[in-house]
Amino acid sequence: MQASTNIAETEKRRKSRKMEKISKVSGMSEEKEKRMKRGLQQEEPDQMLSINSELCDKEVSESEESVYSGLEDSGSDSDEDDGVDNHDDENSDEDDGVDNHDDENSDEDDGVDNHDDEAQQEGLHNHDDEAQQDNNLNAGKKEEYEHDSSDEEDIRNTVGNIPMEWYKDFPHVGYNLDGKKIYKPIRNKDELDEFLEKMENPDYWRTVTDKQTASDMVLSDEQVELVKRLQKGQFGDVNFQEYQPSVDFFSGDVMLHPVTNRPADKRSFIPSLIEKEKVSKLVHAIKMGWIKPRRARDDSKGRYYDLWGSEDSSLLAKHKMHLPAPKTLLPGHQESYNPPPEYLFTQEEQALWEQQDPSDRKLPFVPRKFSSLRQVPAFPRFIHERFERCLDLYLCPRQRKMRVNVDPEDLIPKLPKPKDLQPFPTTQSLVYKGHSSLVRSISVSPTGQWLASGSDDCCVRLWEVCSSRCVKVVQVGGAVKSVCWNPNPSVCLLAVALESLVLILSPSLADREVALSSERLLAAPQEAEPAEAVGPLTWVECEREEQKQSIRLKIQHPKPVRQVVWHAKGDYLASLMPDHSSHQQVFIHQLSRRRSQNPFRRNKGLVQSVCFHPIRPYFFVATQRSIRIYNLVKQEMTKKLQANSKWISSMAVHPGGDHVISGSYDCRLSWFDLDLSTKPYKMLRHHKKAVRGVAYHRLYPLFASASDDGSVIVCHSTVYNDLLQNPLIVPVKVLRGHVTTHDLGVLDVTFHPTQPWVFSSGADSTIRLFT
């Protein structure tokens, strides 16, 4: 009991000393100190009861606390606080030693108490110091890292020094200190946003992207200055002196004291054995002839020598890229010391020579005459001329031109001789005269016996082919633009286009059966349904006076008709009205049912010519630059041919149906192979002026073209059944005879249906037959 009383007193004294220390260190006020003392006094009865139980446990846990007591220290205490605490603890230990010395009976207990009390005091004091120091540390960290942006301290991304391209396929760029992913910022700016930011953000030019964090950072003025210095090739440090004054340690003056006064080595005055061995080897090599002594230099030749003197001219000529220098012109009579009088300059010529620029002069010198060669002085411009010659050889480039020894005849394609390609028309046989104005169109009957012609003199003439006799003249009351015989040999009908009319004529030039079949075709079908009116087109029966002139039907069109063409079977015919502003440019008429229709909803471009396919249900429409092929059954366009010409004037289809020729106003004739390509297989430029008409022969491999230059060119054209073999096109004859009138030559051309004859009509009011 007495021991417990001593312990309580000792505990009380220690707590009072502890309060004094705390008040000294932390500057505690007297009121707070009194409150703490009161609290300690109230806790004394409770502590008296717990001290006895603690004494027993302290001996057992003494070793454990000593092991883990170091873990309770935070390690962040300040040095000054630790110094104060240690000093106070030493004082308290000394006092405890005095108290314990007075109580001799309780030495062992006091030793245990001292140890426990020290641990308790240190824990309490350390707890208070930790709280205060943590606050100081937090404040210090905020101040220290508030403006820290250096690269060395920026460890937000912990991936280390690795290529950041490894993360280009991942949504993150690395990991932070906690091991969490650092995700890339969402960049959905387009070019417009970038431009607006560039215009509005004043720091846009100094903003760069940090690859470590994938974030934008603005460079400071110091960093910008550093970048500029590095770009200029300067040092990064502004204060670094590149050219520092060097310290001259070894001057030219003889110093009083040597740099080193070390005595010489022994080997410096003893002959070297290694050098002796080397010299003996060299002497032996010279004696054996392995090493020959260096010859004395002969300076008699001088320093200057001919660089190419030892060169062999034959070796130089064998060089692949050797280009011999062009030779100078040989001197003429002007350069003689005694030239003939006609080569000497007169006063006027010499004055003109002096006024001219040196580059414009014919001669670079003035010819002079001397009585003897001894009186000829030295040429003053000799060195200057030699120098210019050297400059010409050195600076003027020379080019090697390879001569190609090619026979010009080999460049011409090997074509068959025209004699082997006969028959074709060669001579003018007949001239059909009777029209008073230019003849725009001609057509031959399917039998080949009759020829029809239309002219601007408002009449249609029917001729007998063999005798050139005019059988019939039909006055139609307008300039005829086109005439066309019905190709069906069982009928005898003629279509005529003038102004806005299409006339159907029955000239009655055939036998009785053909005339009756023609009348039956022209008769109005009583059982046929009334045709739907297509625009303002009307079919009109002619009156008796017109029927006496063989005019049977009229088809009224809304606009002037330029061309009329028949289908191969003879029941359909097409009329053409070229007009940019209208979609009604082409009409197809059925003669047996007296119906007309517009096959196209709209026309693409100005239509120049139309034509039926001779076999298949195809319809060809030629515009200014292209030819369109339509399938009338499927009602769709099957092909578009590009003519590569500026303005198509005429068109013709081969009797086989697989080839097309077109003439144009830019003097070109284009041959199209429909199975090969949509572009011309061959372009012929034989005419010098516009091509007005083209035509195929129905039986012979011939085609012809008529031009404003007054000529008709006949070409042989063999079309092979083998698709791998190209057509053979050979011009065979140029037929002339028409006279060019008002810049117009041959206006139309057509072949005889059975004979190799060609008809042509011109602006000179004549029709000519070439056989």
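Definitions and limits used
- Residues numbered from 1 in each chain as written.
- Predicted model: local features only at pLDDT ≥ 70, side-chain atom pairs only at ≥ 80, totals over all residues.
- Heavy atoms only, no water.
- Helix = DSSP H or I, 4+ residues; strand = E, 2+ residues; numbered from the N terminus.
- Buried < 20%, exposed > 50% of the residue type's maximum accessible area, 1.4 Å probe, protein only.
- Areas by Shrake-Rupley, 256 points an atom, 1.4 Å probe, with all protein chains shown as cover.
- 1 Å grid on protein atoms, 1.4 Å probe; cavity = no way out; pocket = protein on both sides within 12 Å on 5 of 7 lines; lining within 4 Å.
- Points joined across faces, edges and corners; volume = space filled by probe spheres on them.
- Nonpolar A, V, L, I, M, F, W, Y, C, P; charged D, E, K, R; others polar.
- Pairing = 2+ DSSP bridges.
- Axes fitted to C-alpha atoms, helices over the stretch in contact; angles between N-to-C directions.
- Patch = residues over 30% accessible without salt bridge, like charges linked within 9 Å, V, L, I, M, F, W, Y side chains within 5 Å.
- Salt bridge = Lys/Arg side-chain N within 4 Å of Asp/Glu carboxyl O.
- Polar contact = N/O pair within 3.5 Å; in protein donor to acceptor, adjacent residues only side chain to side chain.
- Contact = heavy atoms within 4.5 Å.
- Phe/Tyr/Trp six-rings, centres within 6.5 Å; stacked < 30°, edge-to-face > 60°.
- Lys NZ or Arg CZ within 6 Å of the ring centre and 35° of its normal.
- Lys, Arg positive; Asp, Glu negative; His and termini not counted.
- Charge placed at Lys NZ, Arg CZ, Asp CG, Glu CD.
- Core = buried A, V, L, I, M, F, W, Y, C linked by side-chain atoms within 4.5 Å.
- pLDDT = per-residue confidence, 0-100.
- Expected span 1.5 Å × (residues − 1).

Draft legend 1. Looking closely at the overall build of the protein chain. A count of helices and strands for the protein chain gives 13 helices and 33 strands. Looking at the protein chain as a whole, 33% of its 771 residues qualify as buried. Working note: accessible area of the protein chain is about 53000 Å², and carbon and sulfur atoms make up 52% of it.

Draft legend 2. Fine view of the layout of surface pockets. The volume enclosed by the second largest pocket comes to roughly 1200 Å³. Partitioning the lining of the second largest pocket into residue classes produces 16 nonpolar, four polar and ten charged.

Draft legend 3. Region of the structure containing empty space enclosed by the protein. Applying the stated criterion across every chain, the model contains one cavity of 30 Å³ or more. What the largest cavity holds in volume is close to 50 Å³. Contributions of two or more residues to the lining of the largest cavity are made by β28 (702-707) and β29 (711-718).

Draft legend 4. Quick look at the sheet that holds strand β19 (residues 609-612). With antiparallel pairing, the four strands of this open sheet are ordered in space as β19-β20-β21-β22. The sheet is open, and its two borders are formed by β19 and β22 (636-642), each paired with just one other strand. The sheet shows a mean angle of 20 degrees between the axes of neighbouring strands, direction not considered.

Draft legend 5. Region of the structure containing a nonpolar patch on the surface. Taken together, the side chains of L282, I286, M288, W290 and I291 define a hydrophobic patch exposed on the protein surface, amounting to about 550 Å² of accessible area. Within the secondary structure layout, I286 lies in helix α7 (residues 273-288).

Draft legend 6. How the structure looks around unusual backbone geometry. Residue P423 is reached from Q422 by a cis peptide bond, and omega for that bond is 10 degrees. Locating P423 in the fold gives a position in the loop between α11 (408-411) and β5 (428-433). A positive phi angle is found at S550, which is not glycine, with a value near 75 degrees. When you line up the elements, S550 lands in the loop between α13 (544-548) and β14 (551-556). S550 gets classed as buried once you look at its relative accessible area, which sits at 6%. Located in the positive-phi region is D743, a residue other than glycine, with phi close to 65 degrees. As for its placement among the helices and strands, D743 is situated in the loop between β30 (728-736) and β31 (746-751). Classification of D743 as exposed rests on a relative accessible area of 61%.

Draft legend 7. Main features of the side chain of T718. Looking at the element boundaries, T718 is found in strand β29. Polar contacts involving the side chain of T718 include one to the side chain of H716, which spans 2.5 Å. Setting aside chain neighbours within four positions, we find T718 in contact with P701, P727 and L728.

Draft legend 8. Up close: the environment of E499. Relative to the helices and strands, E499 is located in the loop between β11 (494-498) and β12 (501-505). Placed 21 residues apart in sequence, E499 and G478 show a C-alpha to C-alpha distance of 6.6 Å. Beyond its immediate stretch of four places on either side in the chain, E499 contacts G477, G478, A479, K559, P560 and V561.

Draft legend 9. How the structure looks around the packing of aromatic side chains. Going through the model one piece at a time under the given rule, you end up with eleven aromatic pairs. With a centroid separation of 6.3 Å and an interplanar angle of 45 degrees, the aromatic rings of Y432 and F759 are classed as tilted. Here the residue Y432 occupies a position in strand β5, and F759 occupies one in strand β32 (residues 758-762), the gap between them amounting to 327 residues. The rings of F600, F612, F619 and Y630 are connected pair by pair, giving a single aromatic cluster. The ring of W353 carries the charged tip of R361 above its face, separated from the ring centre by 4.0 Å.

Draft legend 10. Focus on the environment of M321. On the secondary structure map, M321 appears in the loop between α8 (313-317) and α9 (347-355). Counting along the chain gives 79 residues from M321 to R400, while the straight-line C-alpha distance between them is 8.6 Å.

Draft legend 11. Region of interest: a negative patch on the surface. Taken together, the side chains of D190, E191, D193 and E194 present a region of like negative charge at the surface. Take E191: it is sitting in helix α5 (residues 191-200). Judged by relative accessible area, which is 68%, E191 ranks as exposed.

Draft legend 12. Spatial organisation of the pattern of salt bridges. Going through the model one piece at a time under the given rule, you end up with 14 salt bridges. Between D265 and R267 there is a salt bridge, and its shortest N-O distance comes to 3.4 Å. With relative accessibility at 25%, the residue D265 sits in the partly exposed group. D456 is the salt-bridge partner of R440, the closest N and O atoms lying 2.9 Å from each other. Residue R440 is located in strand β6 (residues 439-444), and its partner D456 is located in the loop between β7 (450-455) and β8 (459-464); the two are separated by 16 residues in the primary sequence. In this structure, a network of salt bridges that share partners links the residues R262, D265 and R267.

Draft legend 13. Quick peek at the nonpolar core. Ranked by internal contacts, the top residues of the largest apolar core, which has 20 residues, are V460, V476, W485, L494, V496, L503 and L505. When contributions to this core are tallied by element, the ones reaching two or more residues are β7, β8, β10 (480-485), β11 and β12. Residues within four places of L503 in sequence aside, it is in contact with V476, L494, A495, V496, L498, I551, L553 and K554.

Draft legend 14. Looking closely at the pairing of β31. Counting buried residues along β31, six of its six residues qualify, which places the element largely inside the surrounding structure. Taken together, the five bridges between β31 and β32 define a ladder with antiparallel strand orientation. Of the residues in β32, the one forming a bridge with V746 is G762. What sits between the antiparallel neighbours β31 and β32 is a turn of six residues.

Draft legend 15. Representation of the sheet that holds β5. Strand order in the open sheet formed by four strands is β5-β33-β32-β31, and the pairing between neighbours is antiparallel. Only two strands of the sheet have a single partner each, and these edge strands are β5 and β31. Between one strand axis and the next, the sheet turns through 20 degrees on average, direction left out of account. By the bridge criterion, four bridges tie β32 to strand β33 (residues 766-770) in an arrangement that is antiparallel. Bridge assignment links S761 to a residue of β33, and that residue is I767.

Draft legend 16. Geometry of the environment of V749. Along the chain, V749 turns up in strand β31. Assessed through its relative accessible area of 3%, V749 is described here as buried. For the pair formed by V749 and S441, sequence separation is 308 residues and the distance between their alpha carbons is 8.1 Å. Residue contacts for V749: discarding those within four places in its chain leaves G693, V694, A695, A704, A706, V712, V758, F759 and S760.

Draft legend 17. Representation of the confidence of the model for the protein chain. Averaged over all residues, the pLDDT of the protein chain is 78; the fraction at 70 or higher stands at 77%. Mean pLDDT per element in the protein chain: helix α3 (residues 79-102) is the minimum at 41, and α7 is the maximum at 94. In this model, residues 39-127 is a region of pLDDT below 50 whose contacts with residues beyond four sequence positions or in other chains number 63 contacts. In the model, residues 147-153 has pLDDT below 50 throughout and makes one contact with residues more than four positions away in sequence or in other chains.

Draft legend 18. Structural context of α7. Between its first and last C-alpha, α7 extends 23 Å over 16 residues, near the 22 Å set by a 1.5 Å rise per residue. A distance of 3.4 Å separates the backbone nitrogen of I274 from a side-chain oxygen at the start of α7, and that oxygen is part of S272. Once α7 finishes, G289 follows within two positions and takes phi at roughly 85 degrees, a positive value.

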